[in-house]
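# Understanding the architecture of this molecule
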Amino acid sequence: MGKDITPSLAGWDFEPDGVNVRIVEGDDGRDKLQLRIDLGLMQMELDGRPDGARPHGAESLLDWYEDRSRKGELEELESEDCTELMREGVQYYHRYLSAFHLQRYDIVARDTARNLRLFAFVKERAKHRRDQVEFDRFRPYVTMMNTRALGLQALAKDDHLVALDLIDKGIGSIRDFLQEYGQSDNEIECMELVFLLRWRREIESERPIGPVERLRHQLARAVALEDYEEAARVRDQIRRLTGESESAATDEAPRLA
């Protein structure tokens, strides 16, 4: 078998302004994810560790360290351990970024969750603070990518409410990160948080609203404006559509005069 990769690149030119990825069938019959780079390509497995290795017989180095930790065989991660874990984490980064451009959000969600687990493990076990921060600084970005993947999967099912709930969780996680590092006053400088807030507004404005929900919005607006005659009319419409009692129909607003 020849070692020259030129035939594999034939007809697949590198485009510097885009992410060039594809899935091909490998010689072993399993699909491979390929990322085109300027001097060739990167090839990754779709499952397990992207390079296909099984360090110490485990699915990944992280899994091996976690297992040692559970068994009480690991107290602290030295800087050399963290370097190896970072190198492995970058492999997963390349895979989930490639998968995102192929709209394989299932892979993105899985691999970003895995790297968030990595950050938490290093933060708990790393001997040196600088190693903890080196990993944890990527948490907002990976949280955003995880939220995007999960949210896009929900939107593909037209489940806007689930998508909004997932985005709210992502926003909350990034805000927790900022608070932890004393940066709560600098939210506008966190591009990942700004993106999720903007995306949430877009989904909220575009999502279909049913007749009852629309009436509830009208009821809340009428009460806020102290237009109780209009509020009573809208409340009665809600009752007719839902069969709710007066108390249920007005749970979200003060009792009308």
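Just above, that's the structure.
Every value quoted in this text rests on a predicted model; they were computed, and no experiment measured them.

In this structure, the largest pocket spans a volume of roughly 300 Å³. For the largest pocket, the lining is made up of twelve residues, of which Ile5, Ser8, Asp27, Gln34 and Gln43 are closest to its centre. Along the lines of polarity and charge, the residues of the lining of the largest pocket split into three nonpolar, five polar and four charged.

So, on to the packing of aromatic side chains. With the rule as written, the count across this model stands at five aromatic pairs. Ring geometry for Tyr93 versus Tyr96: centroids 5.6 Å apart, planes at 90 degrees, classification edge-to-face. Of this pair, Tyr93 and Tyr96 both sit in helix α3 (residues 79–101), separated by three residues, roughly a single helical turn. Owing to a relative accessible area of 30%, Tyr93 belongs among the partly exposed residues under this scheme. Here Phe177 and Tyr181 contribute two aromatic rings whose centre-to-centre distance is 4.8 Å and whose plane-to-plane angle is 40 degrees, an arrangement assigned as tilted. Among the residues examined, Phe177 registers a relative accessible area of 11% and is labelled buried. Overall, the relative accessible area of 26% leaves Tyr181 in the partly exposed class. The residue whose ring lies beneath Arg68 is Trp64, and the NZ or CZ to ring-centre distance is 4.9 Å. It is Arg114 that lies over the ring of Tyr92; its NZ or CZ is 3.9 Å from the centre.

Attention now goes to the side chain of Arg114. Assignment of secondary structure puts Arg114 in helix α4 (residues 105–125). A distance of 2.4 Å separates a polar atom in the side chain of Arg114 from a polar atom in the side chain of Glu88. Not counting chain neighbours up to four residues away, the residues in contact with Arg114 comprise Ser60, Leu62, Glu88, Gly89 and Tyr92.

Interhelical geometry of α3 versus helix α6 (residues 139–156) gives an angle of 35 degrees and a closest axis separation of 12 Å. Relative to α6, the crossing made by α3 is left-handed. Together, Tyr93, Tyr96, Leu97 and Phe100 of α3 and Tyr141, Val142, Met145, Arg148 and Leu152 of α6 make up the contact between the two elements. A breakdown of the residues in the contact of α3 with α6 according to their chemical character gives eight nonpolar, no polar and one charged.

Let's shift gears to unusual backbone geometry. Look at His56: it is not a glycine, yet its phi comes out positive at around 60 degrees. When you line up the elements, His56 lands in the loop between β3 (40–45) and α2 (61–70). The backbone phi angle of Gln103 is positive, close to 60 degrees, even though this residue is not glycine. Relative to the helices and strands, Gln103 resides in the loop between α3 and α4.

The next thing to look at is the nonpolar core. Counting 40 residues, the largest nonpolar core has Tyr65, Leu77, Leu85, Leu118, Val122, Phe135 and Leu196 as the members making the most contacts within it. For this core, the elements supplying multiple residues, two or more each, are β2 (31–37), α2, α3, α4, α6, α7 (160–180) and α8 (191–206). Leaving out residues up to four positions away in the same chain, Phe135 has contacts with Cys82, Leu85, Met86, Leu118, Phe119 and Val122. Membership of the second largest hydrophobic core comes to seven residues, among which are Ala222, Val223, Val234 and Ile238.

Cut-offs used in this document
Residues numbered from 1 in each chain as written. Predicted model: local features only at pLDDT ≥ 70, side-chain atom pairs only at ≥ 80, totals over all residues. Heavy atoms only, no water. 1 Å grid on protein atoms, 1.4 Å probe; cavity = no way out; pocket = protein on both sides within 12 Å on 5 of 7 lines; lining within 4 Å. Points joined across faces, edges and corners; volume = space filled by probe spheres on them. Nonpolar A, V, L, I, M, F, W, Y, C, P; charged D, E, K, R; others polar. Phe/Tyr/Trp six-rings, centres within 6.5 Å; stacked < 30°, edge-to-face > 60°. Helix = DSSP H or I, 4+ residues; strand = E, 2+ residues; numbered from the N terminus. Buried < 20%, exposed > 50% of the residue type's maximum accessible area, 1.4 Å probe, protein only. Lys NZ or Arg CZ within 6 Å of the ring centre and 35° of its normal. Polar contact = N/O pair within 3.5 Å; in protein donor to acceptor, adjacent residues only side chain to side chain. Contact = heavy atoms within 4.5 Å. Axes fitted to C-alpha atoms, helices over the stretch in contact; angles between N-to-C directions. Left-handed = near helix turned anticlockwise from the far one by under 90°. Core = buried A, V, L, I, M, F, W, Y, C linked by side-chain atoms within 4.5 Å.

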